[in-house]
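Structural description and commentary
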Amino acid sequence: MVRLNKYLSEAGVCSRREADRLIAAGRVSVDGRAAELGMQIEEGQRVLLDGEPVEGKDGFILLAVNKPRGIVCSERSQGGDVNIIEFLNYPKRITYAGRLDKDSEGLLLMTNQGDLIQRMMRGANFHEKEYEVTLDRDFNDRFLKDMAAGVALRELGVTTRPCQAERIGKRSFRIVLTQGLNRQIRRMCGEFGYHVQELKRVRVLNIRLGHLKTGAWRNVTERERLELMAMLETEQEDVQDG
């Protein structure tokens, strides 16, 4: 037997502390009956959160993928293009948590946890995403300052949030965004007359691409998963306190 809060935590739903709050709020049921704080469950019992089934830790999937250029983030057939689902050919149903456009490469998170995707992609939470960018020509330091200050994207009618930007080469820089506008970095650079030649995402929140080869994938580690859940829980508490 295992405590229900531990079961929910190991399933990737939330931390044990947050699990107790969900149980106390009446949002969790076991075999059709409202769950109770401190209760234990046995293998085979049916656990629901907000009416949706929760699978145990063996059913939790969170992959870090190094998406190659040319692969489309879509679940549907894209004509002559290969989508990420077809490319991975993973034996269980998963989908992406945050897109990368066709011409971009790097870290893409794939999971079977819909609630996790919603929490990670909520723009109001200012989740960090880090990229390495190579331009078509040299740039000066003024360009980086202007990028970091926020850029008015005339085509979209919005100004980007202030961000972090630092040089890593004559034509390359690192940028950390907290929003995900359509083709945001390419549009930002375009406002200053630059064309992006290479764009690679290297980090999402606490999960890094590292030395993962292009086209390869790995399971997110238990440490990474726990850190991620703790970060998401802290944000949820901030929203509730606000």
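Per chain, residues are indexed from 1 in the order of the written sequence. Under the rules for a predicted model, residues below a pLDDT of 70 receive no local features and side-chain atom pairs below 80 are neither given nor counted, while totals for whole chains, interfaces and linings still include all residues. Just so you know, side-chain values use all the structure's heavy atoms and leave hydrogens and water out.

Right, let's get into the overall build of the protein. The secondary structure listing takes helices from DSSP runs of H or I that are at least 4 residues long and strands from runs of E that are at least 2 residues long, numbered from the N terminus. When helices and strands are counted, the protein shows 7 helices and 17 strands. The principal-axis extents of the C-alpha atoms in the protein amount to approximately 60 × 45 × 30 Å. Relative to its full complement of 242 residues, the protein shows a buried share of 45%. For this analysis, residues touch if any pair of their heavy atoms sits within 4.5 Å. Residue pairs in contact within the protein that sit at least 24 positions apart in sequence constitute 64% of those at least 6 positions apart. Here the protein has roughly 13200 Å² of accessible surface; of this, 45% comes from carbon and sulfur atoms. Residues scored as positive are Lys and Arg, those scored as negative are Asp and Glu, and His as well as the terminal groups of each chain are ignored. Taken as the charge location is NZ of Lys, CZ of Arg, CG of Asp or CD of Glu. Each charge class in the protein was averaged separately, 39 positive and 37 negative side chains, and the resulting centres sit 4 Å apart. The rule is simple: take the accessible area with a 1.4 Å probe, protein chains only, and divide by the maximum for that residue type; under 20% is buried, over 50% is exposed, in between is partly exposed. For the area figures, the Shrake-Rupley method with a 1.4 Å probe applies, and any residue is considered shielded solely by the protein chains shown.

Here is the rule: rings of Phe, Tyr and Trp (six-membered ring for Trp) pair when centre to centre is within 6.5 Å. Planes less than 30 degrees apart are stacked, more than 60 are edge-to-face, and the remainder are tilted. The final tally for this structure, using the stated rule, is 6 aromatic pairs. Here Tyr90 and Trp217 contribute two aromatic rings whose centre-to-centre distance is 5.5 Å and whose plane-to-plane angle is 80°, an arrangement assigned as edge-to-face. In this pair, Tyr90 is assigned in the loop between helix H3 (84–88) and strand E8 (95–96) and Trp217 in strand E17 (residues 217–219), connecting sequence segments 127 residues apart. Ring plane angle 55° and centroid distance 4.8 Å describe the contact between Phe143 and Tyr194, whose orientation is recorded as tilted. Here Tyr194 lies in the loop between helix H6 (184–190) and strand E15 (196–204) and Phe143 lies in helix H5 (residues 141–149), a separation of 51 residues in the sequence. Take Phe143 and Tyr194: they sit in the same class, and that class is buried.

So, on to the nonpolar core. Met110, Val133, Leu135, Phe143, Phe173, Ile175 and Cys189 are the most contacted members of the largest nonpolar core, which has 31 residues in total. Phe173 has contacts with Tyr131, Glu132, Val133, Leu135, Phe139, Phe143, Leu144, Met147, Glu166, Arg167, Ile168 and Cys189, leaving out every residue within four places of it along the chain. The set of buried Ala, Val, Leu, Ile, Met, Phe, Trp, Tyr and Cys residues whose side-chain atoms join them within 4.5 Å is what this entry labels a nonpolar core. Core analysis: the next-biggest nonpolar cluster, separate from the first, contains 18 residues, Met120, Val204, Val220 and Leu228 among them.

What follows is about the sheet that holds strand E3 (residues 33–34). Two strands are said to pair when DSSP picks up at least two bridges between them. Taking strand neighbours across the sheet as the criterion, the 4 strands line up as E3-E2-E5-E6 in an open arrangement whose pairing is antiparallel. Looking along the sheet, the strands with just one partner apiece sit at the ends: E3 and strand E6 (52–53). Pairing geometry for strand E5 (residues 47–49) and E6, over 2 bridges, is antiparallel. In the strand pairing of E6, Leu48 is matched with Pro53.

Of all residues in the protein, 95% attain a pLDDT of 70 or more, and the chain-wide mean is 90. For every residue, the pLDDT score states the predictor's confidence, bounded by 0 at the bottom and 100 at the top. Note that pLDDT drops below 50 for residues 238–242; the model gives that stretch 2 contacts with residues more than four away or on any other chain.

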